Amino acid sequence: MKKNILFVILIAIMTIASSVSAQTTVKGNVVNERGESIEYVSIGFENDSVGVISDAKGNFVLTIPAGLKRELSFSHVSYLTTEIPYEEYSKSDELTVVLKDKVVELAEVVIGKKNKPKTIVGKGIPAPGLVGTSGQGSDLGPEGGVAFSCNKSYVISDILVKISGCTFKQCMVSINVYERKGDQFVNVHQKPIYETLTNEKSKYILDIRPEENIVLKPKTDYYVSIRVVDGFGEKGFLYLNAYMKNGLYRNAVKGKTKKLPVCPAIQVKGYEVE
């Protein structure tokens with residue numbers, strides 16, 4: 001009987017070892033065409049929960065489960081998305097990925113002198129409890145946000161996020177504004193929007209004022225989100241106030257979108273375009 005139990009245990013160990021050995025570990029660095037490292041690049045597979053974010057120096061390590069042999073996607077708001085085939089990344093000890101600059105023609109907008117910012121999205125009934133995101137290093141939680149559309153053209157003036165607490169000593173968050181095209185999420189700004197948060201303050205409103213003109217078009221679906229992209233080596237949690245409104249959450253880097261009955265308390269204000 002003992003021999004049979006021992007045999008089963010050995011088979012289990014061998015099976016686990018075989019599964020682990022079949023995994024593919026990809027290490028590398030992401031740079032632009034000038035050889036400069038690119039921070040916080042989303043690396044993963046379309047509609048899959050496998051993925052990481054490169055660190056502030058463009059370095060990354062990704063463990064890919066056995067049997068997953070699809071193209072690996074590298075995306076960043078300022079650069080064109082690059083797909084690396086399995087045959088290339090699986091045979092490289094140290095992968096260097098070069099992203100090309102994204103050239104976006106900024107729309108010319110005319111804003112009236114007496115125009116005042118209007119609330120485009122963000123009013124809602126406060127929800128009990130909190131929402132948030134967590135993680136350590138590249139193992140970070142999902143991005144969460146709210147979907148919306150507008151009936152007029154606007155230029156975003158402010159993105160307001162109600163912060164309720166932060167257990168990170170320090171963390172970097174990324175704010176993104178996407179145009180939703182079916183299952184596709186396409187950034188409508190060219191410059192990344194980062195903010196460094198600390199645990200020195202508990203409850204406050206984070207007011208982000210984009211450096212570029214982010215234009216929202218009428219009858220178009222959008223999604224504004226927040227996520228932690230760097231915990232600077234520490235585990236932590238970022239707590240956000242919530243509204244009783246349908247929220248969207250994207251698991252991992254390019255994972256499937258999930259709907260929940262609450263969303264982070266994010267408010268978007270903008271100037272109406274004449």
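Residues numbered from 1 in each chain as written. Predicted model: local features only at pLDDT ≥ 70, side-chain atom pairs only at ≥ 80, totals over all residues. Heavy atoms only, no water.

A. The arrangement of the overall build of the chain in detail. Counting secondary structure elements, the chain contains 2 helices and 24 strands. Per-residue burial for the chain yields a buried fraction of 45% across its 274 residues. Across the chain, the fraction of contacts at a sequence separation of at least 24, relative to all contacts at a separation of at least 6, is 72%. For the chain, the exposed area adds up to about 15000 Å²; of that, 52% sits on carbon and sulfur atoms. (Helix = DSSP H or I, 4+ residues; strand = E, 2+ residues; numbered from the N terminus. Buried < 20%, exposed > 50% of the residue type's maximum accessible area, 1.4 Å probe, protein only. Contact = heavy atoms within 4.5 Å. Areas by Shrake-Rupley, 256 points an atom, 1.4 Å probe, with all protein chains shown as cover.)

B. Structural context of the pairing of strand S18 (residues 222–230). Taken across its 9 residues, S18 has 9 buried, putting it largely inside the fold. Across 5 bridges, strand S11 (residues 143–148) lies against S18 in antiparallel orientation. Bridge pairing links Phe-148 to Tyr-222 in S18. When strand S13 (residues 170–181) meets S18, the two strands line up antiparallel, connected through 8 bridges. Bridged to Ser-174 within S18 is Arg-227. (Pairing = 2+ DSSP bridges.)

C. Molecular detail of the packing of aromatic side chains. Tallied over the full model, the rule gives 8 aromatic pairs. Between Tyr-178 and Phe-185, the aromatic rings sit 5.7 Å apart at their centres with planes inclined by 90 degrees, giving edge-to-face as the arrangement. Accessibility assignment for this pair places Tyr-178 and Phe-185 in one class, buried. In this structure, Lys-201 packs its charged tip against the face of Tyr-204, placed 4.2 Å from the ring centre. (Phe/Tyr/Trp six-rings, centres within 6.5 Å; stacked < 30°, edge-to-face > 60°. Lys NZ or Arg CZ within 6 Å of the ring centre and 35° of its normal.)

D. Inspection of the pattern of salt bridges at higher detail. What the rule picks out here adds up to 9 salt bridges. Of the charged contacts in the structure, one is a salt bridge between Asp-101 and Arg-34, with a shortest N-O distance of 2.8 Å. Highlighted residues: Asp-101 in the loop between strand S7 (95–99) and strand S8 (118–121) and Arg-34 in the loop between strand S1 (24–32) and strand S2 (42–44), separated in sequence by 67 residues. The residue Lys-169 makes a salt bridge to Glu-234 at a minimum N-O spacing of 3.9 Å. Within this pair, whereas Lys-169 is found in the loop between strand S12 (154–166) and S13, its partner Glu-234 is found in the loop between S18 and strand S19 (236–240), the two being separated by 65 residues in sequence. Judged by its relative accessible area of 54%, Lys-169 falls in the exposed class. What you see here is one network of salt bridges that share partners, running through Arg-34, Glu-36 and Asp-101. (Salt bridge = Lys/Arg side-chain N within 4 Å of Asp/Glu carboxyl O.)

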